[in-house]
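Structural characterization, general
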Amino acid sequence: MNLPDYKEARKREKKDYKVVNYEIDKKLIHKFCGKTYFLKTYGCQMNEHDSENIAAMLESLGFKRVDNYMDADLALLNTCSIRENAHNKAFGMLGRLKHVKENLKKDLVVGICGCMAQESGVVEDILNHYQFVNFVFGTHNINELPQIVFDAMKKEEQIIEVYSKEGDLMEEMPVKRDHPHKAYVNIIYGCDKFCTYCIVPFTRGRERSRRKEDILKEVEDLVKEGYQEVTLLGQNVNAYGKDIYQDYGLGELLEEVSKTNIHRIRFMTSHPWDFSDSMIEKIAKYENIMPHIHLPIQSGSSRILKKMGRRYTKEEYLTLFHKIKKTIPNVSISTDIIVGFPGEEEEDFLETLDICKYCQFDNAFTFIFSKRENTPAAKLKDTTTKEEKEERLQRLNEVVNHYFLENNKKLVGKTVEVLTEGVSNKPGMYYGYTDTNKLINFTGEGIKVGDMIKVEVTDAKTWSLDGCAKVVTKSR
Ligand code: SAH
Ligand code: SF4
Ligand code: F3S
């Protein structure tokens, strides 16, 4: 049994790690033919992409995916710890699985992985109160899943295999992608920023960049397979390369990825701290690097930003914001904002509202501060009531929503390029995203999912656009 330990997870050692190719024990292949799995993912794109690896590994063992846990032999929850409600959702699901296992399907094997598995408190809770859970493994040893599942399908006792320190960096992980035309590509794992409210540096370990040649090979293969779009993923993609190269960062990587001729390149998430001029230049220069930047601000008050450990002031954020807007034509900028951080006064909050009015973000994900075990902010005195925080969130949402609509209205009558992702919920319509990452529902004849299409925008809503297709620019 290996249990997570926060103190270990916090350490950042300059020890080298190895790059290792994933291998599965041949004896395990097809071992579970005829068995089924249910996989539920919580959290960010990183977790979604991990689930794509998990699905591929389970399928190599012979499992077939089902959408309902009632039909499954194995139920696996890939969890997220970012806020309390993510926790609650996973525990709610565990409660349902407990009921199923105790009353209806005694043989159901239940597993937990992802960021919650890296939390000591959660694992203790599972050991003490959720004994029906068969196995737990963490974010650092996903590659061990075939062996862990094999053992769990045989053994009675709980298997807990969670490492606090990141292990080797895995290449050649099998992947079963959720989408046939757009793909996630990890470029950097972990986070060293330690924003005071955030649990990610504990659950995902230190920053580790993948080698550029491995990333480029993955993108080149995706191009050959007919993929149109890649999203380069990391908790802080701007730190790419700093741990392994002297003069090679995200700007240089974007340039090389752009030359693979993949139709669209996205990347997320960018911490304002490491945003280099070279990156801005490359995004402006290459047509296939999408003009959309997710640039979390978190707060408009420099006093609160300091307490958050964000390493920039309001003024520095604005300088970067202006540089991006000036250099990249038609760029869209989205953000994340936390309200009710401990010690946030009404004046601090008003500064957040002001900066939102000023920046007029194209999209914003807004959250109430959630206390995370063992983070520095969890120890700060919190004087704002729950009601005040909810009220602030509502006021903030009114402001940001207003600008989503205003920005969308500016696009009416314009032509945008869209990657067709599927048939819309709206009858007779398709949907996709513009290069600036706006959801658009549109009508048209003879369209196939995967087509790149020029669409004329006919109407604007707060969360989406409507349009009609003009020409297909690239068909599959
Ligand atoms: N690495 C990204 C953020 C990843 S987490 C970045 O720094 O830009 C996504 C968002 O969740 C954060 O931007 C933040 O707004 C929010 N978040 C993280 N921890 C939180 C907490 N404890 N309470 C509320 N929101 C939180
Ligand atoms: Fe969390 Fe900050 Fe790292 Fe983002 S940059 S993952 S908010 S610690
Ligand atoms: Fe959640 Fe872990 Fe992502 S905490 S947001 S799943 S990195």
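Above this note sits the structure.
Here's what I pulled together on the structure shown here. (Residues numbered from 1 in each chain as written. Chains lettered and ligands numbered in written order. Predicted model: local features only at pLDDT ≥ 70, side-chain atom pairs only at ≥ 80, totals over all residues. Heavy atoms only, no water.)

Some details on the sheet that holds strand β21 (residues 465–474)
Whether parallel or antiparallel, the strands of a sheet pair through hydrogen bonds between backbone atoms. What counts is decided by this rule: Strand pairing follows a simple DSSP-based rule, namely that at least 2 bridges must link the two strands. Helix numbering and strand numbering both begin at the N terminus, where a helix is a DSSP run of H or I of at least 4 residues and a strand a DSSP run of E of at least 2. Helix axes are fitted to C-alpha atoms over the stretch in contact, other axes to C-alpha atoms as well, and angles between N-to-C directions run from 0 to 180 degrees.
Taking strand neighbours around the barrel as the criterion, the 5 strands line up as β17-β18-β19-β21-β20 in a closed arrangement whose pairing is mixed. Taking each pair of neighbouring strands and ignoring which way they run, the sheet shows an average axis angle of 50 degrees. With 5 bridges connecting them, strand β17 (residues 415–423) and strand β18 (residues 430–434) associate as antiparallel partners. Paired with Gly422 across the two strands is Tyr431, which belongs to β18.

As for the site of ligand 1
Keep this limit in mind: Here a residue is near a molecule or strand as soon as one of its heavy atoms is found within 4 Å of it. Identification of polar contacts relies on pairs of N or O atoms within 3.5 Å, with a donor-acceptor requirement for protein atoms, meaning one able to donate a hydrogen and the other able to accept it, and with residues adjacent in sequence counted only if both atoms are side-chain atoms. Computed with the Shrake-Rupley method and a 1.4 Å probe, the accessible areas treat only the protein chains shown as cover for residues. For this scheme, ten residues count as nonpolar: Ala, Val, Leu, Ile, Met, Phe, Trp, Tyr, Cys and Pro. Four count as charged, namely Asp, Glu, Lys and Arg, and the remainder, Gly too, count as polar.
With respect to spatial proximity, 15 residues lie near ligand 1, and among them Gln235, Pro296, Gln298, Asp336 and Ser370 are the closest. The separation between an oxygen atom of ligand 1 and a polar side-chain atom of Arg83 is 3.0 Å. Here Gln235 contributes a backbone N or O atom positioned 2.6 Å from a nitrogen atom of ligand 1. Isolated, ligand 1 exposes 540 Å² of accessible area, and the fraction of that covered by the protein chains is 90%. Looking at the shell around ligand 1, the elements that each hand over two or more residues are β15 (332–339) and β16 (363–368). A per-class count over the shell around ligand 1 returns 7 nonpolar, 4 polar and 4 charged.

Re the packing of helix α7 (residues 212–224) against helix α8 (residues 250–258)
To be explicit about the condition: Under this scheme an angle from 65 to 115 degrees is roughly perpendicular, one under 35 degrees roughly parallel, and one over 145 degrees roughly antiparallel; angles in between are oblique. Each crossing gets its hand from how the near helix is turned against the far one by less than a right angle, where anticlockwise is left-handed and clockwise is right-handed. Any two residues whose heavy atoms approach within 4.5 Å are treated as being in contact.
At a minimum axis distance of 10 Å, the contact between α7 and α8 shows a crossing angle of 30 degrees. Comparing the axis directions of α7 and α8 gives the class roughly parallel. Considering only the axes of α7 and α8, their crossing is right-handed. Between α7, through Lys212, Ile215, Leu216 and Val219, and α8, the contact on the second element is made entirely by Leu253, Glu256 and Val257.

Some words on the nonpolar core
What counts is decided by this rule: The nonpolar core is taken to be a set of buried Ala, Val, Leu, Ile, Met, Phe, Trp, Tyr and Cys residues, with the residues joined through side-chain atoms within 4.5 Å. A simple rule labels every residue: compare its accessible area, found with a 1.4 Å probe on the protein chains alone, to the largest value its type can have, and call it buried under 20%, exposed over 50%, or partly exposed in between.
Formed by 67 residues in total, the largest nonpolar core has its most connected members in Leu232, Phe267 and Ile324. Here Leu232 is in contact with Val185, Ile187, Val237, Leu253, Leu254, Val257, Ile265, Arg266, Phe267 and Met268, once residues within four sequence places are set aside.

Points about the site of ligand 2
The immediate surroundings of ligand 2 are formed by Cys191, Lys193, Phe194, Cys195, Tyr197, Cys198, Val200, Pro201, Gln235, His271 and Arg310. Counted by class, the shell around ligand 2 contains 7 nonpolar, 2 polar and 2 charged residues.

Overview of the packing of aromatic side chains
Here a ring pair, both rings aromatic, is described through the centre-centre distance and the interplanar angle of the planes. Operational definition: Pairing of aromatic rings covers Phe, Tyr and the six-membered ring of Trp, with a centre-to-centre limit of 6.5 Å; geometry is then stacked below 30 degrees between planes, edge-to-face above 60, and tilted otherwise. Placement of a charge over a ring requires the Lys NZ or Arg CZ to be within 6 Å of the ring centre, with the centre-to-atom vector within 35 degrees of the ring normal.
Summed over the entire model, instances satisfying the criterion amount to 17 aromatic pairs. Between Phe341 and Phe369 the ring centres are 5.4 Å apart and the planes differ by 70 degrees, which places this aromatic pair in the edge-to-face class. Of this pair, Phe341 sits in the loop between β15 and α12 (346–359) while Phe369 sits in the loop between β16 and α13 (386–409), placing them 28 residues apart in sequence. Looking at Lys212, its charged tip hangs above the ring of Tyr245, at a distance of 5.4 Å from the centre. One Lys or Arg, Lys212, reaches over the ring of Tyr248 and ends 4.2 Å from the middle of that ring.

Comments concerning the sheet that holds strand β14 (residues 292–294)
Judged by pairing direction, the sheet is parallel, and its 3 strands sit side by side in the order β14-β15-β16 without closing on themselves. The sheet is open, and its two edges are formed by β14 and β16, each paired on a single side. Across the sheet, the mean angle from the axis of one strand to that of its neighbour is 10 degrees, orientation sign disregarded. The pairing of β14 with β15 spans 3 bridges and is classified as parallel. Residue His292 lies in a different strand from β15, and its bridge partner there is Ser332. The sheet strands contacting helix α11 (residues 314–327) are β14 and β15, and the helix crosses β15 at an angle near 160 degrees. Where α13 meets the sheet, it contacts β15 and β16, and its direction lies at approximately 180 degrees from that of β16.

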